[in-house]
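Residues per chain, in single letters:
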There are 2 protein chains.
Amino acid sequence: MPVKPEAPAEGVGAVDRALSILFAFEAGDAGLTLAELSRRTGLYKSTLLRLIASLERARMLVRPGAEARWRLGPALVGLGLRAQSGTTLLRELVPPVLRRLVAETGESASFYVREGEARLCLLREEGRHAARDQVPPGSLLPLYRGAAGHVLSGAADGLSVTIGERDPELAAIAAPVRGSQGLLLGALCLSGTATRLRDARYRAPLEEAVRREAAGLTALLGG
Amino acid sequence: MPVKPEAPAEGVGAVDRALSILFAFEAGDAGLTLAELSRRTGLYKSTLLRLIASLERARMLVRPGAEARWRLGPALVGLGLRAQSGTTLLRELVPPVLRRLVAETGESASFYVREGEARLCLLREEGRHAARDQVPPGSLLPLYRGAAGHVLSGAADGLSVTIGERDPELAAIAAPVRGSQGLLLGALCLSGTATRLRDARYRAPLEEAVRREAAGLTALLGG
DNA sequence: GGCTTCGTTCCGTCAGACAGAATATCGTTC
DNA sequence: GAACGATATTCTGTCTGACGGAACGAAGCC
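What you are looking at is a predicted structure, and each value in this text was computed from that prediction instead of being measured. (Residues numbered from 1 in each chain as written. Chains lettered and ligands numbered in written order. Predicted model: local features only at pLDDT ≥ 70, side-chain atom pairs only at ≥ 80, totals over all residues. Heavy atoms only, no water.)

Draft legend 1. Structural view of the overall build of chain A. In terms of regular secondary structure, chain A is built from seven helices and nine strands. Taking 17 Å as the expected radius of gyration for a compact globule of 223 residues, we find that chain A reaches 22 Å, considerably beyond that expectation. Burial statistics for chain A: of 223 residues in total, 52% are counted as buried. Pairs at least 24 apart in sequence give 48% of the contacts found in chain A among residues at least 6 apart. (Helix = DSSP H or I, 4+ residues; strand = E, 2+ residues; numbered from the N terminus. Rg over C-alpha atoms; globule rule 2.2 N^0.38 Å. Buried < 20%, exposed > 50% of the residue type's maximum accessible area, 1.4 Å probe, protein only. Contact = heavy atoms within 4.5 Å.)

Written out as structure tokens, the structure is:
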């Protein structure tokens, strides 16, 4: 996901440029020359060399030999593992819960976390119905719409139900999952068509299942 | 391995500062506040906020909620995996070779790759002798000393043997491992005490084994 | 209410970073 | 060996991007 060096003025230009070098590398790149990096990033070679010096010192880039060719460095492996450890527990505990919710209700089950002014679909299990929403894990969705958004933005303190808010044909039920000291970790969510979920009698057991499983996760996670 | 923002003038200061933020995170940090990041990096909060804006846009940092608290972001996971893929094949093919070398000769077997003007011990299997050199994987060693260094610096075109060069009591035998188009990928190395390896009759089968296994790796790797 | 700490915004200053020219090196072709 | 094109490296004048740190508001504590 490369950054755009010409993005609106916020942040630091040199940092944006440096990071664009890292994102210039693609899977399978054994090593990129200065000329190739210049082509991929649009940066002058003198600029590249300055920025690369900082990235090399941090071992985010390494120059495997004497020739002018660079690869992504070991520091990124370390940071990547450290970045991942933050959600490792969630990635262990949440999928079984999602599968149980799908087995029990037939609707799609997701887990969302807040990311700035958006929400990220971290984990997902598809429901059994042919008609259902499509949200691949990794998607960023609006924070202020949809049941999970209400939960994550604090607009809803407990269970939230929205019908046709993000899309007129879809509806969702979400409940907060908390960690130690009441920290809001994410939102457990069931989603399906508005046609099905509008029916309060159909919906009642779904609400109860989301509430129960979210409370269970909260208990497991120290909330 | 945090960078030192006050390092000699090479590279770009703002980039060094930004990366120092990423390295400020430790394993187990659920999220760091602005004040805590300021303490750990020594940077002013206004400077931090500017730099963090760039890191957030690149999704190297994420702000999980409305409060001022950041975690390492998903882009680092992606870059970490991409960084790792470059040596994945080596990490699969080389360890069995190292184990065979140890089984056959009893001496310690290592695989080095060049990193700028140094060499990195990527992989290692300890030998059976009580007296042996200590080089944990991940170590950086001098490029211009030692048999593996001669190979990686191009000072030796084929097999290299050095006795007492890096340490008076140690000796090593190394051969190049090449990839497609003759690209030098690394050096396969046996090392032990100078006392043992100084004996040409003792050493001859070791040289043959290193040569043979390096040629085998080269064949596997497209050289 | 006062104090401390934190997070956010603002702005004058200047030195850090850039663009891009110049130079050196390398590889290829004849 | 010379010529050519491409690549890598070095250098420097310019100026604006980034910094430091003050000011301010909010939150928490006593």
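Draft legend 2. Region of interest: helix α3 (residues 45–57) of chain B. With 13 residues, α3(B) should cover 18 Å at 1.5 Å per step; its first-to-last C-alpha distance of 18 Å lies within 8% of that length. Residues of α3(B) that are buried include every one of B:Thr47, B:Leu48, B:Leu51, B:Ile52, B:Ala53, B:Ser54 and B:Leu55, and no others. Among the structural elements, α1 (13–24) of chain A together with α1 (13–24), α2 (34–41), β2 (61–62) and β3 (69–72) of chain B are those in contact with the buried residues of α3(B). After α3(B) finishes, the residue B:Arg59 shows a positive phi value of roughly 60°. (Expected span 1.5 Å × (residues − 1).)

Draft legend 3. Examining the protein's contact with DNA strand C more closely. With respect to spatial proximity, 18 residues lie near DNA strand C, and among them A:Tyr44, A:Ser46, A:Thr47, A:Arg50 and B:Ala35 are the closest. A:Arg50 places a polar side-chain atom, nitrogen or oxygen, 2.6 Å from a phosphate oxygen of DNA strand C. A distance of 3.1 Å is found between a phosphate oxygen of DNA strand C and a backbone nitrogen or oxygen belonging to B:Ala14. Put simply, the parts of the chain that give the surface near DNA strand C at least two residues each are α1 and α3 (45–57) of chain A together with α1, α2 and α3 of chain B. Residues that form the surface near DNA strand C fall into these classes: eight nonpolar, five polar and five charged. (Near = heavy atom within 4 Å. Polar contact = N/O pair within 3.5 Å; in protein donor to acceptor, adjacent residues only side chain to side chain. Nonpolar A, V, L, I, M, F, W, Y, C, P; charged D, E, K, R; others polar.)

Draft legend 4. Broad picture of the confidence of the model for chain A. All names here are of chain A. Per-residue confidence for chain A gives a mean pLDDT of 86; residues scoring 70 or more make up 94%. Mean pLDDT per element in chain A: strand β6 (residues 140–142) is the minimum at 85, and α1 is the maximum at 95. Low pLDDT, under 50, characterises residues 1–8; the stretch is placed with 11 contacts to residues that sit more than four places away or in other chains. (pLDDT = per-residue confidence, 0-100.)

Draft legend 5. A look at the environment of A:Arg212. Residues and elements named next belong to chain A. By the element assignment, arginine 212 lies in helix α7 (residues 200–220). Accessibility expressed as a relative area gives 37% for arginine 212, which makes it partly exposed. In this structure the C-alpha to C-alpha distance between arginine 212 and leucine 185, which are 27 residues apart in sequence, comes to 16 Å.

Draft legend 6. Local environment of the protein's contact with DNA strand D. Every one of the 18 residues lining DNA strand D counts as a neighbour, but A:Gly13, A:Ala35, B:Tyr44, B:Ser46 and B:Arg50 are closest to it. Across the atoms of DNA strand D situated within 4 Å of the protein, the share located in sugar and phosphate is 70%. One of the backbone nitrogen or oxygen atoms of A:Ala14 is found 3.0 Å away from a phosphate oxygen of DNA strand D. Here A:Ala35 contributes a backbone N or O atom positioned 2.6 Å from a phosphate oxygen of DNA strand D. Its residues assigned to classes, the surface near DNA strand D comprises eight nonpolar, five polar and five charged.

Draft legend 7. Structural detail: the interface of chain A and chain B. Each side of the interface is counted separately: chain A has 51 residues, and chain B has 51 residues. At the boundary of chain A with chain B, total buried surface from both sides reaches about 4300 Å², with 66% on carbon and sulfur atoms. The largest contributions to the chain A side of the interface with chain B come from A:Arg57, A:Arg59 and A:Arg82, which together make up 14% of the buried area. One can count two salt bridges joining chain A with chain B. In this structure, B:Asp16 engages A:Arg57 in a salt bridge whose closest nitrogen and oxygen atoms are separated by 2.6 Å. At the junction of chain A with chain B, the criterion picks out 10 residue pairs in polar contact (both at pLDDT 80 or more). Ranked by residue count, the leading element in the side of chain A that touches chain B is helix α4 (residues 74–105) of chain A, at 10 residues. Within the side of chain A that touches chain B, the residues separate by chemical class into 31 nonpolar, eight polar and 12 charged. (Buried area = accessible area lost by both parts, 1.4 Å probe. Salt bridge = Lys/Arg side-chain N within 4 Å of Asp/Glu carboxyl O.)

Draft legend 8. Fine view of the packing of α2(B) against α3(B). Residue and element names in this part refer to chain B. Where α2 meets α3, the axes come as close as 10 Å, and the angle between the chain directions of the two elements is 105°. Taken together, α2 and α3 sit at an angle that is classed as roughly perpendicular. Here Leu34, Leu37, Ser38 and Thr41 of α2 come into contact with α3, specifically with Lys45, Leu48, Leu49 and Ile52. Classifying every residue of the contact of α2 with α3 gives five nonpolar, two polar and one charged. (Axes fitted to C-alpha atoms, helices over the stretch in contact; angles between N-to-C directions. Parallel < 35°, antiparallel > 145°, perpendicular 65-115°, else oblique.)

Draft legend 9. Looking closely at the sheet that holds strand β6 (residues 140–142) of chain B. All names here are of chain B. Strand order in the open sheet formed by six strands is β6-β5-β4-β9-β8-β7, and the pairing between neighbours is antiparallel. Single-partner strands in this sheet number two, and they are β6 and β7 (160–163). Taken pair by pair, the neighbouring strands of this sheet meet at an average axis angle of 35°, ignoring direction. Taken together, the four bridges between β7 and strand β8 (residues 170–178) define a ladder with antiparallel strand orientation. Residue threonine 162 lies in a different strand from β8, and its bridge partner there is alanine 172. Across the sheet, helix α7 (residues 200–220) lies against β7, β8 and β9 (184–193), angled at about 25° from β8, the strand it touches most. (Pairing = 2+ DSSP bridges.)

Draft legend 10. Local environment of the pairing of β9(B). Residue and element names in this part refer to chain B. Among the 10 residues in β9, eight count as buried, and that is most of the element. Two elements, strand β4 (residues 108–115) and β9, share five bridges in a ladder whose sense is antiparallel. Its bridge partner lying in β9, serine 110 is registered against cysteine 189. Here β8 pairs with β9 via nine bridges, running antiparallel. Of the residues in β9, the one forming a bridge with alanine 175 is leucine 188.

Draft legend 11. Spotlight on the sheet that holds strand β1 (residues 32–33) of chain A. Residue and element names in this part refer to chain A. Within the open sheet, the three strands sit side by side as β1-β3-β2. Their pairing is antiparallel. Each edge of the open sheet carries a strand with a single partner, namely β1 and β2 (61–62). Inspection of the sheet shows β1 paired to strand β3 (residues 69–72) by two bridges, in the antiparallel sense. In the strand pairing of β3, leucine 32 is matched with tryptophan 70.

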